[in-house]
Amino acid sequence: MIKAISFALSGVVALLVAAGPATAGDAANGESIYKKRCKACHAIAPGKNRVGPSLFGVLDRQAGTVPKFKYSKSYIEAGEAGLTWDEEKIIEYLANPKKYMRKVTGNKKAKSKMVFKLKKEAERQDVTAYIVTIN
Ligand code: HEC
């Protein structure tokens, strides 16, 4: 009986989690986070690469495919293996790019030239909500 109840509860929790993040971000706040934390390395204009690739059109784009940008091998491999960016993936990725690339490639030695981490989940959601609006 207790088992049945806790099973039912965990189902509810799973549903809440699944319905959660992606749409929760505040794009206006995200724009100011972008200007402070991302802009130095990422342009949003198409074809303009800085230390990082242009983020123009990043949504639904295969990882590691901006022309003329020299990616780490792990990004190209992850993209070829099917990684395309969506809101949920970007939110997870920003917490720790290297760890994320290790997870998606299954390679414990995978590298990332993006050393920056955005630790606060609310900030990751907001900045991602903003990125979606410029796509
Ligand atoms: C210090 C520079 C730097 C900062 C700050 C930075 N990035 Fe990056 N970013 C990079 C680099 C370099 C890469 C490519 C990594 C590689 O090839 O190893 C990258 C890759 C990415 C990618 C994958 C792009 C693709 O085409 O596959 C996304 C998405 C991204 N960054 C988003 C962000 C966001 C959003 C922020 C701000 C919260 C941010 N980055 C802050 C340097 C940075």
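The rules behind the values
- Residues numbered from 1 in each chain as written.
- Predicted model: local features only at pLDDT ≥ 70, side-chain atom pairs only at ≥ 80, totals over all residues.
- Heavy atoms only, no water.
- Near = heavy atom within 4 Å.
- Polar contact = N/O pair within 3.5 Å; in protein donor to acceptor, adjacent residues only side chain to side chain.
- Nonpolar A, V, L, I, M, F, W, Y, C, P; charged D, E, K, R; others polar.
- Buried < 20%, exposed > 50% of the residue type's maximum accessible area, 1.4 Å probe, protein only.
- Helix = DSSP H or I, 4+ residues; strand = E, 2+ residues; numbered from the N terminus.
- Arc of directions from axis to C-beta.
- Contact = heavy atoms within 4.5 Å.
- Phe/Tyr/Trp six-rings, centres within 6.5 Å; stacked < 30°, edge-to-face > 60°.
- Axes fitted to C-alpha atoms, helices over the stretch in contact; angles between N-to-C directions.
- Parallel < 35°, antiparallel > 145°, perpendicular 65-115°, else oblique.
- Left-handed = near helix turned anticlockwise from the far one by under 90°.
- Salt bridge = Lys/Arg side-chain N within 4 Å of Asp/Glu carboxyl O.
- pLDDT = per-residue confidence, 0-100.

The immediate surroundings of the ligand are formed by 24 residues, with Cys38, Cys41, His42, Ser72 and Met114 found nearest. Within the side chain of Tyr71, one N or O atom sits 2.6 Å away from an oxygen atom of the ligand. For the shell around the ligand, the residue count by class is 16 nonpolar, 5 polar and 3 charged.

This brings us to helix α3 (residues 73-80). One turn of an α-helix holds 3.6 residues; hence residues three or four places apart share an orientation. Buried residues of α3: Ser74, Tyr75, Ala78 and Gly79, and no others. The buried side chains of α3 occupy one side of the element, clustering within an arc of 130° when seen end-on. Seen from the open side of α3, the exposed residues pointing more than 90 degrees away from its buried face are Lys73 and Glu80. Buried-residue contacts for α3 involve α4 (87-95) and α5 (97-105). Just downstream of α3 lies Gly82, where phi reads positive at about 115°.

As a further point, take the packing of aromatic side chains. In the structure shown here, the tally under the stated rule is 7 aromatic pairs. Taken together, a centroid distance of 5.8 Å and an interplanar angle of 85° make the contact between Tyr93 and Tyr100 edge-to-face. You'll find Tyr93 and Tyr100 in the same group, each marked buried. Among the aromatic residues, those joined into a ring-pair cluster are Phe69, Tyr71, Tyr75, Trp85, Tyr93 and Tyr100.

With that out of the way, let us pick up the packing of α3 against α5. Where α3 meets α5, the closest approach of the two axes is 10 Å, and the angle between their N-to-C directions is 45°. Classed by the angle they form, the pair α3 and α5 counts as oblique. As for how α3 packs across α5, the hand of that crossing is left-handed. For the pair α3 and α5, contact is made by Ser74, Tyr75 and Ala78 and by Pro97, Met101, Val104 and Thr105, respectively.

Take the pattern of salt bridges next. Applying the stated criterion across every chain, the model contains 3 salt bridges. Note that Lys35 is salt-bridged to Glu31, the shortest N-O span being 3.3 Å. Taken together, the positions of Lys35 and Glu31, both in helix α2 (residues 27-37) and 4 residues apart, correspond to about one turn of that helix. Here Lys103 makes a salt bridge to Glu92, at a shortest N to O gap of 2.6 Å. Of this pair, Lys103 sits in helix α5 while Glu92 sits in helix α4; the two residues are 11 residues apart in sequence, bridging distant segments of the chain.

Next up on the list: the environment of Lys109. In this structure, Lys109 sits in the loop between α5 and α6 (121-133). Judged by relative accessible area, Lys109 falls into the exposed class, the value being 69%. Linking Lys109 and Lys98, residues 11 residues apart in sequence, is a C-alpha distance of 9.2 Å.

All right, on to the confidence of the model for the chain then. Of the residues in the chain, 83% have a pLDDT of 70 or more, and the chain-wide mean is 89. Below pLDDT 50 for its whole length, residues 15-22 participates in 3 contacts with residues either more than four positions away or in separate chains.

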